[in-house]
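If you want the building blocks of each chain, they are given just below.
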Amino acid sequence: MIIILEPKATLEQRDSLLTDLKQRGYGVHLSEGVERTIVGVIGTPELDKMNLVEQFESLPFVERVVPILKPYKLVGKSFKPEGTVINVRGVKIGDGSVCIMAGPCTVESPEMLFETARFVKKCGANVLRGGAFKPSTSPYSFHGLGEQGLQLLAEARDETGLPIITEVMDTRDIELVGKYTDIFQIGTRNMTNFSLLKEMGNVRKPVMLKRGWASTIEEWLQAAEYIASQGNYEIILCERGIRTFETYTRNTFDINAIPSIHELSHLPIFADPSHATGRRSIVQAVSCGAVASGADGLIIETHPNPEKAIKDGPQSLTFTQFEELLTAIRPVAEAVGRSLSPAV
Ligand code: PEP
Ligand code: MN
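The structure presented is a predicted model; accordingly, all values stated were derived computationally and were not measured.

Colleague: When you look at the pairing of strand S11 (residues 207-210) in this model, what are you seeing that I'm missing?
Modeller: The two faces of the sheet receive side chains in turn, since in a regular strand these alternate between them. Covered by surrounding structure in S11 are Val 207 and Leu 209 together with Met 208 and Lys 210, the residues of both alternating faces. Across three bridges, the pairing between strand S10 (residues 183-186) and S11 is parallel. Across the sheet, residue Ile 186 finds its bridge partner in S11, namely Leu 209. You can see the chain leave S10, run along helix H6 (residues 194-200) and come back into S11, and the turn it takes is right-handed.

Colleague: How should I be thinking about the site of ligand 1 in this particular structure?
Modeller: Close to ligand 1 lie 13 residues, the nearest being Arg 129, Lys 134, Thr 188, Lys 210 and Arg 240. At 3.0 Å, a side-chain N or O of Gln 185 approaches an oxygen atom of ligand 1. One nitrogen or oxygen atom from the side chain of Arg 240 is found 2.7 Å from an oxygen atom belonging to ligand 1. Within the complex, 97% of the 290 Å² of free accessible area of ligand 1 lies under protein.

Colleague: In this structure, what is going on with helix H10 (residues 280-292)? I would like to understand it.
Modeller: Given 3.6 residues per turn, any residue in an α-helix points the same way as the ones three and four places further on. For H10, spanning 13 residues, the distance from its first C-alpha to its last is 19 Å, which sits close to the expected 18 Å at 1.5 Å a residue. Here H10 has its buried residues at Val 283, Val 286, Ser 287, Cys 288, Ala 290 and Val 291. Among the structural elements, helix H8 (257-264), strand S13 (269-271), helix H9 (273-277), strand S14 (297-301) and helix H11 (319-335) are those in contact with the buried residues of H10. Of the residues one or two after H10, Gly 294 is the one with positive phi, at around 110 degrees.

Colleague: In this structure, what is going on with the nonpolar core? I would like to understand it.
Modeller: Side chains that are nonpolar tend, in soluble globular proteins, to be buried together. Counting 77 residues, the largest nonpolar core has Leu 209, Leu 237 and Phe 322 as the members making the most contacts within it. Counting only domains with at least three residues in this core, you end up with domain 1 (2-69) and domain 2 (86-335). In contact with Leu 237, not counting residues within four places along its chain, are Leu 209, Trp 220, Leu 221, Ala 224, Ile 261, Leu 267, Pro 268, Ile 269 and Phe 270. Core analysis: the second largest hydrophobic core is formed by 15 residues, Tyr 26, Leu 52, Val 53 and Phe 61 among them.

Colleague: Help me understand the coordination of the manganese ion (ligand 2) in this model?
Modeller: Six octahedral donors around a metal ideally subtend angles of 90 or 180 degrees, whereas four tetrahedral donors ideally subtend 109.5 degrees. Around the manganese ion (ligand 2), the protein contributes the donor atoms Cys 105 (SG), His 275 (NE2), Glu 301 (OE) and Asp 312 (OD), at 2.0 to 2.4 Å from the metal centre. Between the donor residues of the manganese ion (ligand 2), the gaps in sequence give the motif C-x169-H-x25-E-x10-D. Separated by 207 residues along the polypeptide, Cys 105 in the loop between strand S7 (99-103) and helix H3 (110-123) and Asp 312 in the loop between S14 and H11 bring together distant segments of the chain. When sorted by exposure, Cys 105 lands in the same class as Asp 312, which is buried.

Colleague: Just checking my understanding: could you explain the domain arrangement of the chain for this structure?
Modeller: Interfaces are often sized by the amount of accessible area the parts lose when they come together. On domain assignment, one finds that the chain holds domain 1 (2-69) and domain 2 (86-335). Here the C-alpha centre of domain 2 lies 36 Å away from the C-alpha centre of domain 1.

Cut-off values and rules
Along every chain, residues carry numbers that run from 1 in the direction the sequence is written. Chain labels run from A onward and ligand labels from 1 onward, assigned in the order the entries are written. Only residues with pLDDT of 70 or above have their local features reported here, since the model is predicted, and side-chain atom pairs are shown and tallied only from 80 upward, although totals for entire chains, interfaces and linings are computed over all residues. Side-chain metrics in this entry use all non-hydrogen atoms of the structure; hydrogen atoms and water are not considered. When accessible area is computed with a 1.4 Å probe and restricted to protein chains, residues below 20% of their type maximum are described as buried, those above 50% as exposed, and intermediate ones as partly exposed. Each helix is a run of DSSP H or I of at least 4 residues and each strand a run of E of at least 2, with the numbering of both proceeding from the N terminus. Two strands make a pair as long as DSSP finds a minimum of two bridges between them. When the strands point away from the viewer and the connection leading from the first strand across the helix to the second strand turns clockwise, the crossover is called right-handed. Think of it this way: one heavy atom of a residue within 4 Å of a molecule or strand is enough to make that residue near it. In protein, a polar contact means a hydrogen-donor-capable atom and an acceptor-capable atom, both N or O and within 3.5 Å, with residues adjacent in sequence counting only if both atoms are side-chain atoms; elsewhere, any N or O pair within 3.5 Å suffices. Under the convention used here, a 1.4 Å probe and the Shrake-Rupley method define accessible areas, while residue burial counts only the protein chains that appear. A helix is expected to span 1.5 Å multiplied by its residue count minus one. Two residues qualify as a contact provided that any one of their heavy atoms is within 4.5 Å of a heavy atom in the partner residue. Put simply, a nonpolar core is a bunch of buried Ala, Val, Leu, Ile, Met, Phe, Trp, Tyr and Cys residues held in one set by side-chain atoms that sit within 4.5 Å of each other. Where each domain starts and ends comes from a domain assignment, either automatic or drawn from a database. Sites may look incomplete, because water is not among the atoms used; the donor set itself consists of N, O and S atoms within 2.8 Å of the metal (3.2 Å for Na, K and Ca).

Written out as structure tokens, the structure reads:
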């Protein structure tokens, strides 16, 4: 349930309520909005819940008590009616502007990474992406440069000023990845890795949670709830395509997910047209659709020489295509009353 406090509730009243809830064995989470404070109450349901609702509702500083029937609470709209804005080294995510994350699928060498970082920065990208720990369907594929890849990403950040995002796949790597990255990425294959999700709740850095390739929107929000339930509310959701019967494209971009997430949650929602399509020829068109439907940002793979890319070459844009994509999405963003995030 959530407890909505009167705007005039004092800090003492709020704290006495929190103490009372904790003594009853509940977990409490605060959402302090511009207008009012909302208390999220999580945990063991009391037997006489309606009685409890009445008790809290009778407090003079409580405006309303709302029992939440959805399987997620903290990431839901009713807990926090205004959208979450995440600030990563000055880049604002979820503030209404369209944020662009771009870079190679995987960090291959210093040369290709720095060349890409400089180029995407010049075009106006806001965040540099690149995998150092790569999930692979085959155990014999390339699995990334590991710490060396993280060091290169950090050097590219130092040179360009672009914050970095990179994937973590294993709880044992969180500390190492956290030493370098600004945003943790949880990939599609790990959306239901609940021990990893819980640990992401304990880091004090934003987390991008990609949608599982066979997960419903509700399952995805429950995965986000795992992170939030441990106290980290800085979560960016990312629609990266789901598996359907279609085989022309690598996945099927679920455009419905973008406005649906805005309807259900306060978290920012990104689109990843690279993995959603698997085909560089259609990445731009799908990006325009994502922006038109309200995506808070895009994460795009680009490579100096996609033909030679170790991973995800067919979906990686050439530099020319990346520049064209930015030119194409600008008027689309403006048409729906948005603009691209200011350059770093
Ligand atoms: C990636 O971003 O390179 C990646 C592996 O993404 P996903 O988890 O969406 O497949
Ligand atoms: Mn990739």
